[in-house]
Amino acid sequence: MSAIPSPRKAGRALARSAGEWNAAMLAEAADGTRRGTRWGRGAFAFVPSVLAVGALGAALAQGALAANFSVTGQPFTLTSNGVSGTGFGAIVNTPPVGRPDGTSTATTGMARVGFAQAGLAGLCGIVHQSIAGLPYSLLLTAGQPVTATPPATFTTDIDASNLFIQATELQSYGPTTLQNAVIGQSAEQVLVDGKPLTGAQAGGFGLGSAGGPGGSSVNLHGLNATAYDAEIAGALVLPQLDIRIVGGTATAC
């Protein structure tokens, strides 16, 4: 039976791993290539940056800063008490998915869902990662607390434009209302803010709008997604942003 590392040794290993992640991210930033923020692969670069995260959270809470980001590399959980969006569209595609050895595969069918404009009733994102053989979870929360059982009615407090989610599973826990939607539209004809969704295949399944690029709307009472990508191509304002790391495999924020 292998020995369990002492808290002191685990802490040193975590700090050493975080330093290596930071060095790698700094090297990537120096080469001038735009990659976006990677919560999966680069999650633990946040560990030694508590003050910077606090300042970022304060700016977002005051509406002084908008953020563009993408999340890639491994599946994560994204939940909310509800989503209300316009300019809604969805397709089925097979995006590249990274493997632990650095290669990728494009054989996993997923739904790519987009909103030209979206309001969320709170946000909870959970990324699991192992450091020095020990499980940790990065938790990102914003807005109102996300509850295990979504409320019957919800009020949004997070605004996002050009929101895209790439998920193997996306479900709501209450009534879902679609307006001006066309179920079964050819995937390449589905437009979000006037643009086709990434990975659309001609003749593939799509859920689009009967009223033009911004004519459809959707209300989801509760959102639970197992996602590989969550991208804000436009602006995002997060009230009360909180990013923290906890030991173990968290299942709720």
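Residues numbered from 1 in each chain as written. Predicted model: local features only at pLDDT ≥ 70, side-chain atom pairs only at ≥ 80, totals over all residues. Heavy atoms only, no water.

A.B. asks: Which residues make up the confidence of the model for the protein chain, and what values do they have?
C.D. replies: Averaged over all residues, the pLDDT of the protein chain is 77; the fraction at 70 or higher stands at 70%. Predicted confidence is poor over residues 1-8, with pLDDT under 50, and the contacts of this stretch with residues over four places away or in other chains come to one contact. Counting interchain partners and residues more than four positions distant, the pLDDT-below-50 stretch residues 32-56 has 50 contacts. (pLDDT = per-residue confidence, 0-100. Contact = heavy atoms within 4.5 Å.)

A.B. asks: Just give me the short version of the nonpolar core, but keep the residues and values in it.
C.D. replies: Counting residues in hydrophobic clusters, the biggest one holds 31 residues, and the most contacted among them are Phe115 and Leu163. No other element matches strand E13 (residues 217-232), which puts seven residues into this core. Apart from residues lying up to four places away in sequence, Phe115 is in contact with Val83, Gly85, Thr86, Gly87, Phe88, Ser161, Asn162, Leu163, Val192 and Val218. Residues Ala116, Ala187, Val190 and Leu197 belong to the second largest nonpolar core, which totals seven residues. (Core = buried A, V, L, I, M, F, W, Y, C linked by side-chain atoms within 4.5 Å. Buried < 20%, exposed > 50% of the residue type's maximum accessible area, 1.4 Å probe, protein only. Helix = DSSP H or I, 4+ residues; strand = E, 2+ residues; numbered from the N terminus.)

A.B. asks: Describe the pattern of salt bridges, and please don't skip the residues or the numbers.
C.D. replies: Tallied over the full model, the rule gives two salt bridges. Measuring nitrogen to oxygen at the nearest pair gives 3.4 Å for the salt bridge that ties Glu231 to Arg112. A residue pair is termed long-range when its members are at least 10 positions apart, and Glu231 in strand E13 and Arg112 in strand E4 (residues 110-120) qualify at 119 residues. (Salt bridge = Lys/Arg side-chain N within 4 Å of Asp/Glu carboxyl O.)

A.B. asks: Could you give an account of a nonpolar patch on the surface, with specific residues and numbers?
C.D. replies: On the surface, Val92, Leu178, Ile183 and Phe205 cluster together to form a nonpolar patch covering roughly 390 Å² of accessible area. For Phe205, the position within the fold is in strand E12 (residues 205-209). Given a relative accessible area of 44%, Phe205 falls into the partly exposed group. (Patch = residues over 30% accessible without salt bridge, like charges linked within 9 Å, V, L, I, M, F, W, Y side chains within 5 Å. Areas by Shrake-Rupley, 256 points an atom, 1.4 Å probe, with all protein chains shown as cover.)

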